[in-house]
Amino acid sequence: QVQLVESGGGLVQAGGSLRLSCATSGNINAINVMGWYRQAPGRQRELVAAISSGGNTNYADSVKGRFTISRDNAKNTVYLQMNSLKPEDTAVYYCNAARLFPIPHDYWGQGTQVTVSS
C-alpha cells in the first residue's frame, strides 16, 4: 500500500504561483512513476505532469514552460511548481503514484483545490 497526502492548493490571482506537495508513505519502492493530474468541473481528469523513478519528466502541452514537477527522494515528496497561472488552470489537483509491474496499479491522493482568479 502507498499513501499520498497533497498540500499547497489555494486561491491565487492570474499570473501568480503555487507549489503543490505530495508526501508519500508506505511501499514507495514499488512505485515507478509519480504524477499530478487535475480535474475541472464537467471535465475528465487529465495528466498535468509526471516524473519517473529515473527522473524523466513529461508535461501536458498546456502547462509546458509554466509548471515544473520534481521529487525529493530524501523526503519522499513530489512537488509541482506552478507559475504564470491562468484561470483555466483552476481544478482539483490529484497526486498519483503508479506501479507498472508486475501488476499495474494506481494510488491517488485526496486532491487539493487550485483556484485562479482573473
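Rules behind the numbers
Residues numbered from 1 in each chain as written. Predicted model: local features only at pLDDT ≥ 70, side-chain atom pairs only at ≥ 80, totals over all residues. Heavy atoms only, no water. Core = buried A, V, L, I, M, F, W, Y, C linked by side-chain atoms within 4.5 Å. Buried < 20%, exposed > 50% of the residue type's maximum accessible area, 1.4 Å probe, protein only. Helix = DSSP H or I, 4+ residues; strand = E, 2+ residues; numbered from the N terminus. Pairing = 2+ DSSP bridges. Axes fitted to C-alpha atoms, helices over the stretch in contact; angles between N-to-C directions. Disulfide = S-S within 2.5 Å. Salt bridge = Lys/Arg side-chain N within 4 Å of Asp/Glu carboxyl O. Phe/Tyr/Trp six-rings, centres within 6.5 Å; stacked < 30°, edge-to-face > 60°. Lys NZ or Arg CZ within 6 Å of the ring centre and 35° of its normal.

### A few points about the nonpolar core
Counting residues in each nonpolar core, the largest one holds 28 residues, and the members touching the most others are Met34, Trp36, Leu80, Met82 and Tyr93. Of all the secondary-structure elements, those providing two or more residues to this core are β1 (2–7), β3 (18–26), β4 (33–39), β5 (46–52), β7 (67–72), β8 (77–82), β9 (91–99) and β11 (112–117). Counting residues per element, this core draws most heavily on β9, which supplies four residues.

### Some words on the sheet that holds β1
Sheet architecture is open: four strands sit in the order β1-β3-β8-β7, paired in antiparallel fashion. Looking along the sheet, the strands with just one partner apiece sit at the ends: β1 and β7. Geometrically, the sheet is characterised by an average inter-axis angle of 15 degrees between neighbouring strands, direction not taken into account.

### Structural notes on the state of the cysteines
In protein structure, a disulfide is the covalent linkage between the sulfur atoms of two cysteines. This model, assessed by the stated rule, comprises one disulfide. The partner cysteine of Cys22 in its disulfide is Cys95, sulfur to sulfur 2.0 Å. The chirality of the disulfide connecting Cys22 with Cys95 is left-handed, given an S-S dihedral of about -85 degrees. Of this pair, Cys22 sits in strand β3 while Cys95 is found in strand β9, placing the two residues 73 residues apart along the sequence. As far as burial versus exposure is concerned, Cys22 and Cys95 are alike and both buried.

### Remarks on the pattern of salt bridges
Following the criterion strictly, the structure yields four salt bridges and no others. Of the charged contacts, one joins Asp89 and Arg38 as a salt bridge, the two residues approaching to 2.9 Å between their closest N and O atoms. Linking Asp89 in the loop between β8 and β9 with Arg38 in strand β4, this pair joins segments that are 51 residues apart in sequence. Given the relative accessible area of 6%, Arg38 is considered buried. For the salt bridge of Lys64 with Asp61, the shortest nitrogen-to-oxygen distance reads 3.1 Å. Each of Arg38, Glu46, Arg66 and Asp89 takes part in one network of salt bridges that share partners.

### Comments concerning the packing of aromatic side chains
Summed over all chains, the structure comprises one aromatic pair. Note on Tyr37 and Trp108: the rings are 5.0 Å apart at their centroids and 70 degrees apart in plane angle, and the pair reads as edge-to-face. A residue pair is termed long-range when its members are at least 10 positions apart, and Tyr37 in strand β4 and Trp108 in strand β10 (residues 105–108) qualify at 71 residues. Judged by relative accessible area, which is 36%, Trp108 ranks as partly exposed. Above the face of the Trp108 ring, Arg45 is positioned so that its terminal group lies 4.6 Å from the ring centre.

Remember, this is a structural readout, not a statement about activity or role.
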